[in-house]
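Descriptive structure summary
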Amino acid sequence: MLSGRKEGMGRATADLSGSETTLDPIGAGVWHKPEPLVLLVEDDAADALLVEELIADGAPGVRLVWANSIAQAGERLAEGLPDCVLLDLNLPDAHGLDALASIHDYTDQVPVVVLTGLDQEQTGLAAVAAGAQDYLVKGRVEPELFGRAIRYAIQRKQTELAAAALRLSQLRAEENARLERGLLPKPLLRGERVIDVVARYRPGRVKALLGGDFYDVVQLADGTVHALIGDIAGHGPDEAAIGVALRLAWRTLVLSGITGPRQLGLLEEVLLAERTGRRTFATVTTLVLDPGARAARVLRAGHHGMFLCRGGEVDMIEVPGGPALGFLPGQANWPEQELLVPVGAGLMLFTDGLFEGHIGPGSERLGEEGLLNLARGLSGPAPADFVDALIEQAEALAAGHGGLADDVAVLYLRWSTEQGTGSGGR
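Residues numbered from 1 in each chain as written. Predicted model: local features only at pLDDT ≥ 70, side-chain atom pairs only at ≥ 80, totals over all residues. Heavy atoms only, no water.

A cluster of acidic residues, E318, E356, E368 and E369, forms a negative patch at the surface. Turning to its location among the elements, E356 is positioned in the loop between β19 (346-350) and α9 (367-378). (Patch = residues over 30% accessible without salt bridge, like charges linked within 9 Å, V, L, I, M, F, W, Y side chains within 5 Å. Areas by Shrake-Rupley, 256 points an atom, 1.4 Å probe, with all protein chains shown as cover. Salt bridge = Lys/Arg side-chain N within 4 Å of Asp/Glu carboxyl O. Lys, Arg positive; Asp, Glu negative; His and termini not counted. Charge placed at Lys NZ, Arg CZ, Asp CG, Glu CD. Helix = DSSP H or I, 4+ residues; strand = E, 2+ residues; numbered from the N terminus.)

Set out below in structure tokens:
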């Protein structure tokens, strides 16, 4: 009878590579099967027979695979992961907690229930402290308790793995948030302040801080102010990385004294080197504001227009420009245009995420004209209040139709009416 039982268990072991069990195609190593699969690591045939009978009486449907040593258990685990391991602590090639450590060396993804003798209960407790889910004393286990112990061990391990995965996800999210927060631009304003800056940024990715839109402001020691706003096609992490690369490259070029069309040409080279696909391009508008002339030199590469706010009026200004960066590599021409910006006037640059939100059924969007009408209805408040109210109204109109799904960057620049008080933006 004993040999017959052993032959039956040998057939169960063969099931490890049979058609009833298949590895998860995702690569998680978890088995898809109708009933739990248990790997018994036990060198004593009589005890193995006892376990088989306990399963038959207390956990019908559970499939059993037998290994008589740690080495053989390693071979079984290499073929695929069971739902639970029943581990005897007295094996030919491992003894006591070393046996448990050996199983954990093979995998830490499977619950382990330790089997101990009548005089080894303290060892069982030590095994639980070392990472086993439970221990059972041979000769003292009722079938119902045996089946329940296996089910509870599997459930506890699943809960433990889920909690560990959640914690790891939270830590990664916190690290990413700190990284993204550190990459958000801070206007570099040197010398006597000549410009007030209001900046706002809202990424399109859920729970993200940084998207594919980018902006920056640099004031040189002579009072000249350089400003940039841009939009990478898309709003995922790759686009965010390219946006950061372009912004940092732009700031370096400004501090090196490189401006105008040459600056855009070099930025395009950076884009070509950083992008992951040929369809990735960037729309950009750059400004060089001269406080003495109260004028701005504007370069526009595929980007839409900007708002000129003065005397309670808001107008859309779109100077002649060239194609987006990366659209015609090495062939583009970006003419530089001069725009008068009188005292008291402000320029608001923004990305298309602010006006591309759906505001009605079908394909109806706010659009540039709709955004301009909203802005004209808000003319009068201080720049920060004006920008915040405009974003809030655009969000409210799109709220019932998917919201503002794309990244939004806004940069409002106005000649300063104060001296030596620092930046007026956020």
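A complete count under the given rule lists 5 aromatic pairs for this structure. Centre to centre, the rings of Y201 and Y215 are 6.2 Å apart; their planes meet at 40°, and the pair counts as tilted. With a gap of 14 residues between them, Y201 in strand β11 (residues 195-202) and Y215 in strand β12 (residues 213-219) connect regions that are remote in the sequence. Here F386 and Y412 contribute two aromatic rings whose centre-to-centre distance is 6.1 Å and whose plane-to-plane angle is 70°, an arrangement assigned as edge-to-face. Highlighted residues: F386 in helix α10 (residues 383-398) and Y412 in strand β20 (residues 408-415), separated in sequence by 26 residues. (Phe/Tyr/Trp six-rings, centres within 6.5 Å; stacked < 30°, edge-to-face > 60°.)

What follows concerns the packing of helix α3 (residues 70-79) against helix α4 (residues 97-106). A pair of packed helices is characterised by two quantities: the angle between their axes and the separation of those axes. Remark: α3 packs on α4, axes separated minimally by 10 Å, with the N-to-C direction vectors making an angle of 20°. Relative to α4, α3 is oriented roughly parallel. When you trace α3 past α4, the crossing you get is right-handed. Here α3 contributes I70, A71, A73, G74 and L77 to the contact with α4, which in turn contributes A99, S102, I103 and Y106. Of the residues in the contact of α3 with α4, the class split is 7 nonpolar, 2 polar and no charged. (Axes fitted to C-alpha atoms, helices over the stretch in contact; angles between N-to-C directions. Parallel < 35°, antiparallel > 145°, perpendicular 65-115°, else oblique. Left-handed = near helix turned anticlockwise from the far one by under 90°. Contact = heavy atoms within 4.5 Å. Nonpolar A, V, L, I, M, F, W, Y, C, P; charged D, E, K, R; others polar.)

This next bit is on the pairing of β12. Burial of β12 is extensive: 7 of the 7 residues sit out of reach of the surface. With burial as the criterion, each face of β12 is covered, one bearing D213, Y215, V217 and Q219 and the other bearing F214, D216 and V218. Across 2 bridges, strand β10 (residues 188-189) lies against β12 in parallel orientation. Following the sheet pairing, L189 is matched in β12 by Q219. A loop of 5 residues connects β12 with strand β13 (residues 225-232), the two strands running antiparallel in sequence, and G223 in this loop sits at a positive phi of about 95°. (Buried < 20%, exposed > 50% of the residue type's maximum accessible area, 1.4 Å probe, protein only. Pairing = 2+ DSSP bridges.)

Picture the strands of a sheet paired through backbone hydrogen bonds; they go either parallel or antiparallel. Taken together, the 5 strands give an open sheet; going across it, the order is β11-β20-β19-β16-β17, and neighbouring strands pair in antiparallel fashion. Each end of this open sheet is capped by a strand with a single partner; those strands are β11 and β17 (313-317). On average, adjacent strands in this sheet sit at an angle of 20° to one another, irrespective of strand direction. Lying over the sheet, α10 contacts β11, β16 (306-310), β17, β19 and β20, oriented at roughly 20° with respect to β11.

This next bit is on α9. Between the first and last C-alpha of α9 there are 17 Å, a value that for 12 residues agrees with the 16 Å anticipated at 1.5 Å per step. Within α9, the full set of buried residues consists of G370, L371, L372, L374, A375 and L378. For α9, the secondary structure elements touched by its buried residues are β16, β17, β19 and α10. G380 lies just past α9 and shows a positive phi near 130°. (Expected span 1.5 Å × (residues − 1).)

On the secondary structure map, V110 appears in the loop between α4 and β8 (112-116). Between the C-alpha atoms of V110 and C84, which are 26 residues apart in sequence, the distance is 5.8 Å. Those residues within four positions of V110 in sequence are excluded, and the remaining contacts are L81, P82, D83, C84, V85, Q133 and K157.

Across the 5 residues of strand β3 (residues 37-41), 5 count as buried, placing the element largely inside the fold. By the alternation rule, side chains of β3 split into L37, L39 and V41 and V38 and L40, which are all buried. The parallel pair β3 and strand β4 (residues 63-67) is bridged by helix α2 (residues 45-58), and the resulting crossover is right-handed. Note that β3 and strand β5 (residues 84-88) share 4 bridges and pair parallel. Of the residues in β5, the one forming a bridge with V38 is C84. (Right-handed = clockwise from strand over helix to strand, strands pointing away.)

The next subject is the pattern of salt bridges. Counted under the stated rule, the structure contains 13 salt bridges. We note a salt bridge from E42 to K138, for which the minimum N-O separation is 2.9 Å. Linking E42 in the loop between β3 and α2 with K138 in the loop between β9 (134-137) and α6 (143-183), this pair joins segments that are 96 residues apart in sequence. Using a relative accessible area of 21% as the deciding quantity, one classes K138 as partly exposed. A salt bridge links D388 to R200; the shortest N-O distance between them is 2.7 Å. With D388 in helix α10 and R200 in strand β11, this pair connects stretches of sequence that are 188 residues apart. Comparing D388 with R200 shows no difference in burial state: the two are buried. Through salt bridges with shared partners, a single ionic network connects E42, D47, D88 and K138.

One open sheet holds the 5 strands; their spatial order is β4-β3-β5-β8-β9, and the pairing between them is parallel. The sheet is open, and its two edges are formed by β4 and β9, each paired on a single side. For this sheet, the mean inter-axis angle between neighbouring strands, taken without regard to orientation, is 25°. With respect to the sheet, α3 is in contact with β3, β4 and β5, its orientation differing from that of β4 by roughly 135°. Across the sheet, helix α5 (residues 121-129) touches β8 and β9, and the angle it forms with β9 is around 165°.

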